[in-house]
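# What the coordinates show
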Amino acid sequence: MKVSIIGASGRVGKTTAFCISEDSSVDDLVLISRKSSNDKVEGEITDMCDALAARDIGIKHTSSSNIEDISDSKIVIITAGIPRKKQKPMSRIDLVAPNAKIVAKYSKDIAKYSQNATILVITNPVDIMTYIALKSSGFDKSRVLGLGNHLDSLRLKNRIADHFDVHISEVHTRVIGEHGDYMVPLLSSTTIGGMPIEYLSKYTSFNIDETIEQVKNAGNYVIGKKGATEYGPAYAISNVASAILKDEKKILTVSTFLEGEIEGVNDVCLGVPVKLGVKGAERIIPIKMNKQEKSLFLEAANTVKACTRNVMKKLDL
Ligand code: NAP
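This write-up is about the structure you can find in this document. All values derive from a computational prediction rather than experimental measurement. (Residues numbered from 1 in each chain as written. Predicted model: local features only at pLDDT ≥ 70, side-chain atom pairs only at ≥ 80, totals over all residues. Heavy atoms only, no water.)

Within the protein, the regular secondary structure consists of nine helices and 14 strands. Rg of the C-alpha trace for the protein: 19 Å, near the compact-globule value of 20 Å for 317 residues, within the 12% margin. For the protein, the spread of C-alpha atoms along the principal axes amounts to about 55 × 50 × 40 Å. The buried share among the 317 residues of the protein stands at 54%. Of the roughly 14,400 Å² that the protein leaves accessible, carbon and sulfur atoms contribute 49%. Here the protein holds 42 positive side-chain charges and 38 negative ones, and the gap between their average locations is 4 Å. (Helix = DSSP H or I, 4+ residues; strand = E, 2+ residues; numbered from the N terminus. Rg over C-alpha atoms; globule rule 2.2 N^0.38 Å. Buried < 20%, exposed > 50% of the residue type's maximum accessible area, 1.4 Å probe, protein only. Areas by Shrake-Rupley, 256 points an atom, 1.4 Å probe, with all protein chains shown as cover. Lys, Arg positive; Asp, Glu negative; His and termini not counted. Charge placed at Lys NZ, Arg CZ, Asp CG, Glu CD.)

This part covers the site of the ligand. Residues in close proximity to the ligand total 25 residues, the closest being Ser9, Val12, Arg34, Ser37 and Leu147. Note that an oxygen atom of the ligand is positioned 3.1 Å from one of the backbone N or O atoms of Gly10. Bound to the protein, the ligand loses 84% of the 930 Å² it would expose on its own. The set of elements that each furnish at least two residues to the shell around the ligand consists of helix H1 (11-21) and helix H3 (96-113). No other element matches the three residues that H3 contributes to the shell around the ligand. Tallied by class, the residues present in the shell around the ligand amount to 12 nonpolar, 11 polar and two charged. No fewer than three residues from each of domain 1 (2-146) and domain 2 (150-315) sit in the shell around the ligand. (Near = heavy atom within 4 Å. Polar contact = N/O pair within 3.5 Å; in protein donor to acceptor, adjacent residues only side chain to side chain. Nonpolar A, V, L, I, M, F, W, Y, C, P; charged D, E, K, R; others polar. Domains from an automatic or database assignment.)

With antiparallel pairing, three strands are arranged side by side in an open sheet as E7-E10-E11. Across the chains shown, the open sheet's two edge strands, defined by having one partner strand only, are strand E7 (171-172) and strand E11 (195-196). Of the pairings in the sheet, the one linking strand E10 (residues 191-192) to E11 comprises two bridges and is antiparallel in character. Residue Ile192 lies in a different strand from E11, and its bridge partner there is Met195. (Pairing = 2+ DSSP bridges.)

The next subject is the state of the cysteines. For the coordinates displayed, the defined rule picks out zero disulfides. No disulfide involves Cys269; its sulfur sits 13 Å from the nearest other cysteine sulfur, which is in Cys307. With a relative accessible area of 2%, Cys269 lands in the buried category. Look at Cys307 and you get buried, because its relative accessible area is 19%. (Disulfide = S-S within 2.5 Å.)

Before going further, it helps to spend a moment on the pattern of salt bridges. Counted by the stated rule, this structure contains 13 salt bridges. Notably, a salt bridge pairs Lys141 with Glu261, separated by 2.5 Å at the nearest N-O pair. With Lys141 in the loop between helix H4 (126-137) and strand E6 (144-146) and Glu261 in the loop between strand E12 (250-259) and strand E13 (266-277), this pair connects stretches of sequence that are 120 residues apart. Salt-bridge contacts for Glu230 lead to Lys226; the nearest nitrogen and oxygen are separated by 2.7 Å. You can call Glu230 buried: its relative accessible area is 14%. For Lys226, a relative accessible area of 42% gives the class partly exposed. (Salt bridge = Lys/Arg side-chain N within 4 Å of Asp/Glu carboxyl O.)

Next up on the list: helix H8 (residues 231-245). If you check H8, its first and last C-alpha atoms are 20 Å apart, about what 15 residues at 1.5 Å a residue would give, namely 21 Å. Most of H8 is tucked away: 11 of the 15 residues are buried. Among all positions in H8, only Pro233, Ala234, Ala236, Ile237, Ser238, Val240, Ala241, Ser242, Ala243, Ile244 and Leu245 are buried. Asp247 lies just past H8 and shows a positive phi near 50°. (Expected span 1.5 Å × (residues − 1).)

Listed below in structure tokens is the structure:
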């Protein structure tokens, strides 16, 4: 099974390459970067293969700046784009104009050279970029997904496990909406060991607002400390890729094009629970939310939709 990563010279791209190399269903990984970064990617591949040899993993890695080399990929992951910078706190929305052009161009390339691929967009602001990838590629919506809220959900899971002092595997939670300030944590359906969190005694000392702020700022916190997020996004990406490659039918939160499936929201890409399998986003799972979650979700939809329309118009996409 072949997977390609566009933007593989970047920090998210190269860490994702390493994670995905460990996926037993992948035997061919193409790392696309601009010509000036080819050398760097070749160095990364050599280093990576030395590490993989320690695990007896030997798959084909190709470094290339020739986009045609993505042909026949099952998944093409787009991580190319400008990231938020350590020097000044930025919102993901600040990246919209330059990244829209990059994502639009590569999505057209994917449609040309790898017609049957599923596109997994990582470049921020990811919900808007997913919409751009969908429109630029012309692919069916089941084959254009964005990653953001799955990572937010993992970040929330970590904080809940810490506060309630339980093993991480006992926590089931989900963040939907925008991968950004308009994210919607679904605390009403968060459970620990199968029980709603409000049934646990430590719930009384659980500071929900502070926890949500920590999740919203988790990316900027890491960027401020070490310059970029790498492991979190890479492992979250590899969860989504695995679910597709291995036809797992897992329900993960990915950004997808909505046509009224949840709260009647349409013509916008947002993070929602999706059943993932070999066909990509096989089904959006309709969910019920409490009043507050529903109102936050609608606010996210309106905000992302307005911004998406604006960028599509401005850049004539
Ligand atoms: P990075 O280390 O700066 O890497 C950026 C990558 O994009 C490099 O491969 C770079 O190639 C490429 N690139 C930059 N400008 C380009 C252009 N005009 N045309 C083609 N390629 C270009 O950034 P990063 O930390 O990996 O982050 C990459 C993107 O992922 C950012 O938009 C970031 O915000 C986003 N991100 C998303 C999530 C998520 O959960 N969705 C999480 C983390 C990061 P060169 O080496 O040739 O410059």
